[in-house]
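Understanding the architecture of this molecule
Given next are the chains, with one letter for each unit.
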Amino acid sequence: MDSVLARVSEATGVPADLLGGFLSVLAASAATGRLPGRADMDGLRECGALAAERGIPLRVLADACLHAAEITAGGAFGAVRRGMAAYIEGYEEAQRAALRQEEEARRLFVDDLLQGRADAERAEHFGLRLAGGYIVTVARPRPPVAAGDPLAARIEQAMVARFGSHNILVAVREGLLVCVAPAALAAASGEFTHHVRAALTDWRVGVGRPHQGPGGIVTSYREAVNAIDLGERLGLRAQVLKAADLLVFPVLLRDRDAIVDLVSTVLGPLTSARGGPEPLLETLEAIFASQGNHTAAARRLGVSTRAITYRLERIRRLTGFSPSDPTQRFTLETAVLGARLLEWPAHPLT
């Protein structure tokens, strides 16, 4: 048997220790006419797993089995089929286990990366060089995507196919699709959004600003998530929100007392209006979004132009502010934005 092992190993390149059990099974089957038992099959599965761990291609292993059968098996090809099946089962299970391990390592890495705990060595394993500048783009689907959703892998493969392996990472975290791409790849964020739009029906995307290093990735990620949150709180219609376009809002939120005072002083009188302040707030939002065009604002709200004119006059009388006056317009618009940030009038000003 040793000479046969040596011949097969030399001819195929498969180590002899992976084939000894197979030859024993063939010899026993040729002598008795019986198929290999459970213990034999378990041993061959272990050999298949070892072959996978050593990086031996499955076709090479199969070729070695057939070569050994030609030399020793004679008519015992039932044993050959069962033996090869065991090899393949063990091989494929080892590959699945390795894939599960890699997926878990990737999930943990993404969590650490977006919390500032990733090191350069781990990052390079997943294709990122943390010393560079990165932009993080986040998509929030409805309903949220689950961990392990193949959509992330498909989008990443599509982006790598277009841009090459330029440090791009796409993953799922807390129901969000997250894309980390070099700041130098200006088109990467738009490409990611394109694939999100093609795959999902209900979604919103936030784009962080470019920042350097591992801490910069965390900052850009938080900016992207906050952009989505701000868009929802403010009732913005845009599906793609850039943190760079929303810088005024974090400034407003840093001084809550000041914004509460502004909303209370400027918009508080609207609570005395018939029907409450909400219709008048919506009118102001429509006017600001339409650059003061009454017809466009009326179209947005589904009302007549005359109704817009009436409401604006009502706002002027109650508050003393008019959006047609440049200085007063700025005050009114800031107060309206502040009201949305504070979720007023649904929640009291405190």
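For clarity, every value in this text was computed on a predicted model and none was experimentally measured.

Moving on, we get to empty space enclosed by the protein. Throughout the structure, instances matching the rule amount to one cavity of 30 Å³ or more. Empty space within the largest cavity amounts to approximately 50 Å³. Every element with two or more residues in the lining of the largest cavity is listed here: β1 (133–141), β3 (176–182) and α8 (188–199). The element best represented in the lining of the largest cavity is β3, accounting for three residues. Partitioning the lining of the largest cavity into residue classes produces seven nonpolar, two polar and no charged.

The two faces of a sheet get side chains in turn, since along a regular strand they alternate between them. Among the five residues in strand β4 (residues 203–207), five count as buried, and that is most of the element. Because side chains alternate across β4, one face comprises the buried residues Trp203, Val205 and Val207, and the other comprises Arg204 and Gly206, equally buried. In this sheet, β4 lies alongside β1 in antiparallel orientation, the contact comprising five bridges. Paired with valine 138 across the strands is glycine 206, a residue of β4. Pairing geometry for β4 and strand β6 (residues 240–242), over three bridges, is parallel. The residue bridging valine 207 from the neighbouring strand is lysine 242, located in β6.

Let us now look at the layout of surface pockets. The volume enclosed by the largest pocket comes to roughly 580 Å³. Among the secondary structure elements, those contributing two or more residues to the lining of the largest pocket are α12 (278–289), α13 (294–301) and α15 (326–341). Top element by residues in the lining of the largest pocket is α12. It accounts for five residues.

Rules of the game
Residues numbered from 1 in each chain as written. Predicted model: local features only at pLDDT ≥ 70, side-chain atom pairs only at ≥ 80, totals over all residues. Heavy atoms only, no water. 1 Å grid on protein atoms, 1.4 Å probe; cavity = no way out; pocket = protein on both sides within 12 Å on 5 of 7 lines; lining within 4 Å. Points joined across faces, edges and corners; volume = space filled by probe spheres on them. Helix = DSSP H or I, 4+ residues; strand = E, 2+ residues; numbered from the N terminus. Nonpolar A, V, L, I, M, F, W, Y, C, P; charged D, E, K, R; others polar. Buried < 20%, exposed > 50% of the residue type's maximum accessible area, 1.4 Å probe, protein only. Pairing = 2+ DSSP bridges.

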